[in-house]
Number of protein chains: 2
Amino acid sequence: MATIRDIAKAAGVSASSVSRVINNGPKVGEETRKKILAIIKEVGYTPNANAQAINDNQKLAVGIVMPNIQQPFFSAMAHGIEQVAGQLNAQIMLHSSEAHEQGEQEAIETLMEHRYQSMVVHSSVLDDEKLIRYAQTIPGFVLMNRHIEAISGQCVWLEDAEGGRLRAKFAFDYGHRKYAIFCSNRADIGAQCRFVMSKQWLIAKGIEEHDICTIIDSPTYQGGRRAVQDLVASGHSFTAILAHNDEMAIGAMSMLEAQGLSTPDDVSVIGYDDLNIAEFTQPQLTTVKYPIEAMAIVATQMALSLNKNQVQESQRKFHPSMVLRSSFCRL
Amino acid sequence: MATIRDIAKAAGVSASSVSRVINNGPKVGEETRKKILAIIKEVGYTPNANAQAINDNQKLAVGIVMPNIQQPFFSAMAHGIEQVAGQLNAQIMLHSSEAHEQGEQEAIETLMEHRYQSMVVHSSVLDDEKLIRYAQTIPGFVLMNRHIEAISGQCVWLEDAEGGRLRAKFAFDYGHRKYAIFCSNRADIGAQCRFVMSKQWLIAKGIEEHDICTIIDSPTYQGGRRAVQDLVASGHSFTAILAHNDEMAIGAMSMLEAQGLSTPDDVSVIGYDDLNIAEFTQPQLTTVKYPIEAMAIVATQMALSLNKNQVQESQRKFHPSMVLRSSFCRL
DNA sequence: TTGAAAGCGGTACCAG
DNA sequence: CTGGTACCGCTTTCAA
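Nothing here was measured: the structure is a model prediction, and the numbers come from that model.

Asker: Tell me what's going on with the environment of A:Asp230, and back it up with residues and numbers.
Answerer: Residues and elements named next belong to chain A. Within the secondary structure, aspartate 230 sits in helix H10 (residues 221-234). Here aspartate 230 falls in the partly exposed class, since its relative accessible area comes to 40%. Along the primary structure aspartate 230 and isoleucine 54 are separated by 176 residues, whereas in three dimensions their C-alpha atoms are 56 Å apart. The residues contacting aspartate 230, other than those within four sequence positions of it, are Ile215 and Asp217.

This is the structure in structure tokens:
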């Protein structure tokens, strides 16, 4: 690889001048600049970003840490990050923690080694203490989809408990009294939140414990299918399914159909997330909106911005809302 | 930020020793090692990956260039890349060219500046000449979903023309004679391929031009919906829709339903890609399999492997296949 | 406007 | 086993 000195030699100038040209430095003679540029083009010289980064540690770059880019929820998050990064021409370093053995912690540490000063992380397994340490060490550390009081200013989160209540109330108000709740089996701190809140709310309303059937499976299409199988096999009666997320809900509808049960005539279904696809399923999916893309945009702006402390809590704390479509109906 | 020399000073040893410890160097006294490790932990020292990269240019890292991570097709591709990278503990630098103004070229050049020696790129707009140049400059450059003869050894691609014929033949064999083909409006070299081949094949079979209605729209759920609207509005009669991809197909089914047309009873639909979701739609989607994840895995192995020239053409050239489900039926 | 030289954080070679 | 030193590719004073 050609270096700056090679170029300098070829152009009969000093490395300093070449450096100035590369960085659009202010004080270079028109002659010299032209000559140098010509050589650069000719040789096909590309500056070494690593060497540049060694001096000036202020790279415009954001690291992403998330479990799995293939799940639509996370690819929507990545897309939000990308939009902000793209506008600012910032690099993106992606770490899918599920794919890596050591996972989240290793991912964060690698980003630190590369001196990333901005990172947006969705942590499923790290404990509060560790995250607090990271957040305090790295000013541009933003924690997504999780709220830790001690570093609240660096969190962007959804009031998940609210979503849990919301969907329960919705189902209840629509006259349903026998529920199945599909819960995620992932080791995700707080994954249980929406489930617990729904159940609590219903019980507080006087629903009997045995009228709330809980099925645990993976938060995927397949998981939703299996959950319905297990549910039917269990013999519990139910008129409404509250799924952990849209993928499970879609999988559920698919298996309900296979079992000869129609949505929403026989069983009403509520998802969670409001993925793009939710609007295009048949029937269209009633769900709880999780504005992940908007949240990712805010998080990335915070991570990349210099005055991150200016973002009000009201802009960091998001609220879920019901999206009414046709997979759910009154009993 | 603490440097290696800070640690050395604090431990009363030389920088060399610290360096050896960091890299699990072979010749360090147990005493010294312990002392150094202790200080490192205490200070919270993190080696600077950029400085390391300046010497040893062989980083284990792969760059991704693709249009848009949010489309399921591309997130499946990213997922494939991730799996291989994760196993090898390689970094991933992601560039979504749509989000960046200057797009693909800029993305590739940034990767070069960072001395990435492995990259997997899906290029939609760059011309052959430029890509050939890149491929020849960077040994670990792998071009995905596109085949350029001159750099065939660095391409991983699907025989798209075959897919175009396949679905046409399938529809024809099932007795359909009036078709609508939904085509992508994206500036993607070769995006038209599957459309052109389908049409050609049908015409060769004696289908009249006016019995093949072409609608051009974006390759998304919404695009599929609009395409159906336009199609219906056009007054053409049709019994089968060949959609550019699964997303359009799903959008199409959704709008057909809204128009009171049932799939497959009134209209049969074929998608393209075989996304995860295809199995869970209602009706389940008949489609052309594009094994993008498997392809991405091969591409990444090639990009990251040292003996990349060993991969046979048969492993780089993939073939589409029909996946029969219920959205398509005999006339 | 230009060049020489020091330094950024590490690595690696060579003595000791 | 350990330390000294030169050097990686580039930027940035500081003089000239």
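Once the structure has been displayed, the description carries forward.
Asker: Summarise the pattern of salt bridges; cite the residues concerned and give the values.
Answerer: All names here are of chain A. Applying the stated criterion to the full structure yields 20 salt bridges over all chains. Aspartate 160 serves as the salt-bridge partner of arginine 194, at 3.5 Å between the closest nitrogen and oxygen. In this pair, arginine 194 sits in helix H9 (residues 193-204) while aspartate 160 sits in helix H8 (residues 160-173), placing the two residues 34 residues apart along the sequence. Judged by relative accessible area, arginine 194 falls into the buried class, the value being 8%. For lysine 199, the salt bridge identified is with glutamate 209, shortest N-O distance 3.0 Å. In this pair, lysine 199 is assigned in helix H9 and glutamate 209 in the loop between H9 and strand E7 (212-217), connecting sequence segments 10 residues apart. Classification of glutamate 209 as partly exposed rests on a relative accessible area of 49%. Ionic contacts of the salt-bridge type, sharing partners, join the residues Glu159, Glu313 and Lys317 into one network.

Asker: Go over the protein's contact with DNA strand C, please, and point to the residues and values.
Answerer: Among the 26 residues in the neighbourhood of DNA strand C, the closest are listed as A:Arg20, A:Gly29, A:Thr32, A:Asn55 and B:Tyr45. Between DNA strand C and A:Ser16, the relevant distance is 2.9 Å, taken from a base nitrogen to a side-chain nitrogen or oxygen of the residue. Within the side chain of B:Asn55, one N or O atom sits 3.2 Å away from a sugar or linking oxygen of DNA strand C. Secondary-structure elements contributing two or more residues to the surface near DNA strand C are helix H2 (15-22) and helix H4 (49-55) of chain A together with helix H1 (4-11), helix H2 (15-22) and helix H4 (49-55) of chain B. With four residues, H4(B) is the single largest residue contributor to the surface near DNA strand C. Partitioning the surface near DNA strand C into residue classes produces eight nonpolar, 14 polar and four charged.

Asker: Please set out the state of the cysteines residue by residue, giving values where relevant.
Answerer: Residues and elements named next belong to chain A. Tallying each qualifying case throughout the model produces zero disulfides over all chains. With no disulfide of its own, cysteine 183 has cysteine 193 as its nearest cysteine by sulfur position, at a separation of 11 Å. On the basis of relative accessibility, which here comes to 1%, the residue cysteine 183 falls in the buried class. Between cysteine 213, a cysteine without a disulfide, and cysteine 183, which holds the nearest cysteine sulfur, the sulfur-to-sulfur distance is 12 Å. On the accessibility criterion, cysteine 213 (9% relative accessible area) is buried.

Asker: Run through the packing of aromatic side chains, naming residues and quoting values.
Answerer: All names here are of chain A. One pass over the full model with this rule turns up 16 aromatic pairs over all chains. Ring geometry for phenylalanine 170 against phenylalanine 328: centres 5.1 Å apart, planes inclined by 50°, an arrangement best described as tilted. Here phenylalanine 170 is found in helix H8, whereas its partner phenylalanine 328 is found in the segment after strand E12 (321-323), with 158 residues between them in sequence. The exposure classification of phenylalanine 170 matches that of phenylalanine 328, with both residues buried. Geometrically, the ring pair formed by phenylalanine 172 and tryptophan 201 is edge-to-face, given 5.7 Å between the ring centres and 75° between the ring planes. Taken together, the residues phenylalanine 172 in helix H8 and tryptophan 201 in helix H9 connect sequence positions 29 residues apart. Take phenylalanine 172 and tryptophan 201: they sit in the same class, and that class is buried. Within the aromatic cluster, the residues linked to one another by ring pairs are Phe73, Phe74 and Tyr290. Directly above the aromatic system of phenylalanine 172 lies the positively charged group of arginine 177, at a separation of 3.8 Å from the ring centroid.

Asker: Please set out H9(A) residue by residue, giving values where relevant.
Answerer: Residues and elements named next belong to chain A. The first and last C-alpha atoms of H9 sit 16 Å apart over 12 residues, in line with the 16 Å expected at 1.5 Å per residue. Residues of H9 that are buried include every one of Arg194, Phe195, Met197, Ser198, Lys199, Trp201 and Leu202, and no others. Of the residues flanking the end of H9, it is glycine 206, one or two places downstream, whose phi is positive at about 100°.

Asker: For the protein's contact with DNA strand D, give the residues involved together with the corresponding values.
Answerer: Within the structure, DNA strand D sits among 26 residues, and A:Ile4, A:Tyr45, B:Arg20, B:Gly29 and B:Thr32 are positioned closest to it. Protein-adjacent atoms of DNA strand D, using a 4 Å cutoff, are sugar or phosphate at a proportion of 55%. A:Ser19 places a side-chain nitrogen or oxygen 2.7 Å from a phosphate oxygen of DNA strand D. A distance of 2.9 Å separates a phosphate oxygen of DNA strand D from a polar side-chain atom of B:Ser17. When contributions to the surface near DNA strand D are tallied by element, the ones reaching two or more residues are helix H1 (4-11), H2 and H4 of chain A together with H2 and H4 of chain B. The element that contributes the greatest number of residues to the surface near DNA strand D is H4(A), accounting for four residues. Across the surface near DNA strand D, the residue classes break down as eight nonpolar, 14 polar and four charged.

Asker: Give me the lowdown on the UniProt feature "domain: HTH lacI-type" (unreviewed entry) in chain A, citing residues and values where you can.
Answerer: This chain's UniProt record puts "domain: HTH lacI-type" (unreviewed entry) on residues 2-56 of chain A. Secondary structure content for residues 2-56 of chain A is 67% helix and 0% strand, and the end C-alpha separation is 21 Å.

Asker: Tell me about the packing of H1(B) against helix H3 (residues 30-43) of chain B, and please be specific about residues and values.
Answerer: All names here are of chain B. Running from N to C, H1 and H3 point in directions that differ by 120°, and their axes come no closer than 9 Å. Taken as axis vectors, H1 and H3 run oblique relative to one another. Here H1 runs over H3; the crossing is right-handed. Facing Ile7, Ala10 and Ala11 of H1, the residues of H3 in contact are Lys35, Ile36, Ile39, Ile40 and Val43.

Parameters at a glance
- Residues numbered from 1 in each chain as written.
- Chains lettered and ligands numbered in written order.
- Predicted model: local features only at pLDDT ≥ 70, side-chain atom pairs only at ≥ 80, totals over all residues.
- Heavy atoms only, no water.
- Helix = DSSP H or I, 4+ residues; strand = E, 2+ residues; numbered from the N terminus.
- Buried < 20%, exposed > 50% of the residue type's maximum accessible area, 1.4 Å probe, protein only.
- Contact = heavy atoms within 4.5 Å.
- Salt bridge = Lys/Arg side-chain N within 4 Å of Asp/Glu carboxyl O.
- Near = heavy atom within 4 Å.
- Polar contact = N/O pair within 3.5 Å; in protein donor to acceptor, adjacent residues only side chain to side chain.
- Nonpolar A, V, L, I, M, F, W, Y, C, P; charged D, E, K, R; others polar.
- Disulfide = S-S within 2.5 Å.
- Phe/Tyr/Trp six-rings, centres within 6.5 Å; stacked < 30°, edge-to-face > 60°.
- Lys NZ or Arg CZ within 6 Å of the ring centre and 35° of its normal.
- Expected span 1.5 Å × (residues − 1).
- UniProt positions renumbered as here; feature names shortened; annotations may be inferred.
- Axes fitted to C-alpha atoms, helices over the stretch in contact; angles between N-to-C directions.
- Parallel < 35°, antiparallel > 145°, perpendicular 65-115°, else oblique.
- Left-handed = near helix turned anticlockwise from the far one by under 90°.

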